[in-house]
Amino acid sequence: MDLVLLSIVLLAAFLNGYGIWNDQYANSYYTTAVGSMLSNFHNFFYASLDSAGSVTVDKPPVVFWIQTAFAYVFGLHGWSVILPQVLAGIGSVLLIYFMVKPTYGLAAARISALTLATVPVVAAVSRTNNIDSMLVFTLLLGSWFLFKGSKQGSTWRILVAFGLIGVAFNMKMLQAYMILPAFYLFYLLAFQAKWRRKIILLIGSTAVLAVVSLSWAVTVDSIPEDERPYIGSSETNSVMELAFGYNGLARLTGQQNTAGNAGMPNGMGQGDNRGNRGDSSSGPNQTGSGVPGAGQDVNAPDNDNMNGSNGLNAMGGMNGPNGNFPNGQMPNDMEMPNGRNFGGGMGGMFGTGEKGPLRLFQTELSGQASWLLPVVLLGCIAIFAGLRRRNITNKHKEALFWLSWLLPVAAFFSVAGFFHQYYLIMLAPPIAALTGAGFVAMWKSYRDRNGWQAWLLPVSVLLTTLFGWYIMQAYNDTIGAGWSIRELIAGILVTVILVGMLHRTHQWKQGFIIAGFMAMLIGPIYWAFTPITYGGNSMIPAAGPTGSNGMFGESGMGMPMRSGAGDTEMPTMGGRGGMGNRNEEVDTATLNYLKEHNTGETYLFATTDYNQAAPYIIDEKAAVITLGGFSGSDPVYTTEELEQLVKSGQVKYFMVGGMGGRGGNSDISDWIKEHGTEIPTSEWKTGTDSGSMDNGDTENEAGLGFGFGFGFGGQTTLYEVKL
């Protein structure tokens, strides 16, 4: 038993799992879907957002199937839907260890496992119910089968490897295909068989990949639209279009479909651009749920839809009337911390930096996964230094596999138009594997005094600690200068010692080499602990000492704002998770009123705001309809379908409003207001809306004085509709 590995696994378990029991709803969009999926097989199969099976979430269902299974066993809680990702994160550490060890040795395996466990973005994502931790585990599992199958010439292992990439596709669609260049290259280089058999098996493996990948999508798309939910965030009610459009090419270009802006207040986006589904010839009629009509959920669970280059342009959006607030200046003399502004497209909005070859080294992104890239670069030089055409070893082949994973993914994130910081978890496995393999290769060259290659180790320690200092010093105002200075001093001292010992034999030589590696880990380990020490964001997870790294890049939703009255704090959305994850709680008065006045209706109420439905579905297991999907502006139902719902006795209470400015389908809202009777707030709600304001308070919404309807808070009105 490797006690070092055990300690690394325990560290990963702590980083991934400590405190998850405090996260009541986690990413409430996903948790709400799990609550709905627990109610019947129809909702389970489609990964339906609401109890009525009206609309799916905007990702395939495999991860949600797993989360639903855990919720079925342990009950529906924030921690129970997070637990699968915690275990996946731990499993990834074990997989990287067992993949590296046979070829590069025990030391490299331990270094790789420790590196993966402490990649900050891995820790941040694995302690939420977002998909990516499970995705990475599945890709690594497929890679393990690929390694085994190639070495042993095993047909079934190769088929399983490619089949697992297909399973990963049904977790997060085209993101899973980012490692296919590595798969194909390694297979061609390493699979032990004659070329004829190799090509035939490759064709068969690709067929397995395609069949598994498209199995759910083709099945769903082949079902008549009136017998299934609408495909959330799609333009054409098609899973295939969702996969290759919104979740595919649009990520690279940054030009999201009109669904991309629906999650933002209409005053900030483009309004209800997709129109009303009443214009189409057919409207879904849910079998098994008895609900006529279905619609689109257009705001992504990870806030994917809050994007697009034109997403924030009404009244200048959040960039002000002329695009950007000058010098980061906001209305009423308020400005972003450190002079940051909302400009720069989505780089400014979500903290992903500016496009270019050095994007992963910029302050906005470098703290997530880039810390050890200097080690990776120099380590690869050490690995390939002795490469000869007729002497390609397993070390070279596996290093090429990891490079073929790393480089295309890094290239994509360097030029992509839209992504979130936590997507960078895709970089973690190759960085971890190459760090272990490369550091040990440099270690051996240093030990053997192998000419110029012997200098790679001390240079890597120096460059990596310098880069760590660069990343941390940007946060000196938050964490103090001590951490960055300590890493810098430690790196310089160890480098000087290693250079001095290069041509000498000393019993402490190996100890200083280990000390050099640990010096390089000062920054990553600190950052990996920040989701615990500073608080995390289940909606848009990211590591860093800025608390909830949500919507506005590094600043999160609680960023300090300077104004004439001194430092103020931008309000959060009333719960964990930052923007779009407001996590309202059940109002007992509301629940009692709706139950007492229910006269046999199937659904307790319908709402234009998904956040209002979430706690009732999750905590009370109530049957609730979301009329507008996540964003409130999706054309889920036509007015004719809504009328049929009411006439058939399935629902009579409607909540309209909620997140101020999110608006909704105006035809639906107008129909409810026209045919409904407003219930006085005093009869059904405890106190007043959290964060609500007078209807006329448009100039100082939520006390921010933005004047363009950002949407922190808003009135909720309950209507009773009888026809």
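These notes cover the structure that comes with them. Note that this is a predicted model, so its numbers are computed, not measured. (Residues numbered from 1 in each chain as written. Predicted model: local features only at pLDDT ≥ 70, side-chain atom pairs only at ≥ 80, totals over all residues. Heavy atoms only, no water.)

1. Let's talk about empty space enclosed by the protein
One pass over the full model with this rule turns up six cavities of 30 Å³ or more. The calculated volume of the largest cavity comes to roughly 60 Å³. Taken together, Thr115, Thr118, Val119, Pro120, Ala369, Trp371, Leu372, Ile431, Leu521 and Pro524 form the lining of the largest cavity. Classifying every residue of the lining of the largest cavity by side-chain character gives eight nonpolar, two polar and no charged. (1 Å grid on protein atoms, 1.4 Å probe; cavity = no way out; pocket = protein on both sides within 12 Å on 5 of 7 lines; lining within 4 Å. Points joined across faces, edges and corners; volume = space filled by probe spheres on them. Nonpolar A, V, L, I, M, F, W, Y, C, P; charged D, E, K, R; others polar.)

2. Observations concerning the packing of aromatic side chains
If you walk through the whole model with that rule in mind, you get 43 aromatic pairs. Summarising the aromatic geometry, the rings of phenylalanine 413 and phenylalanine 419 are spaced 4.9 Å apart at their centres and angled 55 degrees between planes, so their arrangement reads as tilted. The pair phenylalanine 413 / phenylalanine 419 is uniform in exposure class, with both members buried. By way of ring pairs, the aromatic residues Phe147, Phe162, Phe183, Tyr184, Phe186, Phe401, Trp402 and Trp405 are connected into one cluster. A cation over an aromatic ring shows up here: lysine 172 above the ring of tyrosine 423, its NZ or CZ 3.9 Å from the ring centre. In this arrangement the basic side chain of lysine 198 is found over the ring face of tryptophan 195, its NZ or CZ atom lying 4.2 Å from the centre. (Phe/Tyr/Trp six-rings, centres within 6.5 Å; stacked < 30°, edge-to-face > 60°. Buried < 20%, exposed > 50% of the residue type's maximum accessible area, 1.4 Å probe, protein only. Lys NZ or Arg CZ within 6 Å of the ring centre and 35° of its normal.)

3. Examining the environment of alanine 26
Looking at where alanine 26 falls in the secondary structure, it is placed in the loop between α1 (3-17) and α2 (28-37). Note on alanine 26: relative accessible area 0%, which makes it buried. Sequence-wise, alanine 26 and glycine 78 are 52 residues apart; in three dimensions their C-alpha atoms are separated by 5.1 Å. (Helix = DSSP H or I, 4+ residues; strand = E, 2+ residues; numbered from the N terminus.)

4. Regarding a nonpolar patch on the surface
Together, Phe14, Tyr18, Trp21, Leu38, Tyr72, Val73, Phe74 and Trp79 line one region of the surface with nonpolar side chains, adding up to about 880 Å² of accessible area. If one sorts the elements of the nonpolar patch by residue count, helix α4 (residues 62-74) sits on top with three residues. Position of tryptophan 21 among the secondary structure elements: in the loop between α1 and α2. Assessed through its relative accessible area of 54%, tryptophan 21 is described here as exposed. (Patch = residues over 30% accessible without salt bridge, like charges linked within 9 Å, V, L, I, M, F, W, Y side chains within 5 Å. Areas by Shrake-Rupley, 256 points an atom, 1.4 Å probe, with all protein chains shown as cover. Salt bridge = Lys/Arg side-chain N within 4 Å of Asp/Glu carboxyl O.)

5. Section: the sheet that holds strand β10 (residues 676-679)
In space, the five strands of this open sheet follow the order β8-β7-β9-β11-β10, with mixed pairing throughout. In this open sheet, the two strands that pair with only one neighbour each are β8 (624-626) and β10. The average undirected angle you get between the axes of adjacent strands in this sheet is 30 degrees. Two elements, strand β7 (residues 605-607) and β8, share three bridges in a ladder whose sense is parallel. Bridge pairing in β8 links threonine 607 to threonine 626. Most of the contacts of helix α23 (residues 588-596) go to strand β9 (residues 653-657), to which it runs at about 145 degrees, and overall it touches β7, β9, β10 and β11 (716-721). The strands touched by helix α26 (residues 666-675) are β9, β10 and β11; relative to β11, the strand with the most contacts, the crossing angle is about 60 degrees. (Pairing = 2+ DSSP bridges. Axes fitted to C-alpha atoms, helices over the stretch in contact; angles between N-to-C directions. Contact = heavy atoms within 4.5 Å.)

6. Description of the pairing of β11
Most of β11 is tucked away: six of the six residues are buried. Judged by which residues are buried, β11 turns out to be covered on both faces: Thr716, Leu718 and Glu720 on one side and Thr717, Tyr719 and Val721 on the other are all buried. Pairing geometry for β9 and β11, over five bridges, is antiparallel. Opposite valine 656, over in β11, you have threonine 717 as the bridge partner. As paired strands, β10 and β11 are joined by four bridges and run antiparallel to one another. Counterpart to glutamate 678 in the pairing with β11 is tyrosine 719.

7. So, the pattern of salt bridges
For the coordinates displayed, the defined rule picks out nine salt bridges. Two residues, aspartate 2 and arginine 110, come together in a salt bridge whose shortest N-O distance is 2.9 Å. Residue aspartate 2 is located in the segment before α1, and its partner arginine 110 is located in helix α6 (residues 106-118); the two are separated by 108 residues in the primary sequence. With relative accessibility at 14%, the residue aspartate 2 sits in the buried group. The salt bridge partner of lysine 685 is aspartate 587, with a shortest N-O separation of 4.0 Å. Of the two residues, lysine 685 sits in the loop between α27 (681-684) and β11 while aspartate 587 sits in the loop between β6 (566-569) and α23, which places them 98 residues apart along the sequence. Classification of lysine 685 by relative accessible area gives buried; the value is 17%. Via salt bridges that share partners, Lys652, Glu720 and Lys722 belong to a single interconnected network.

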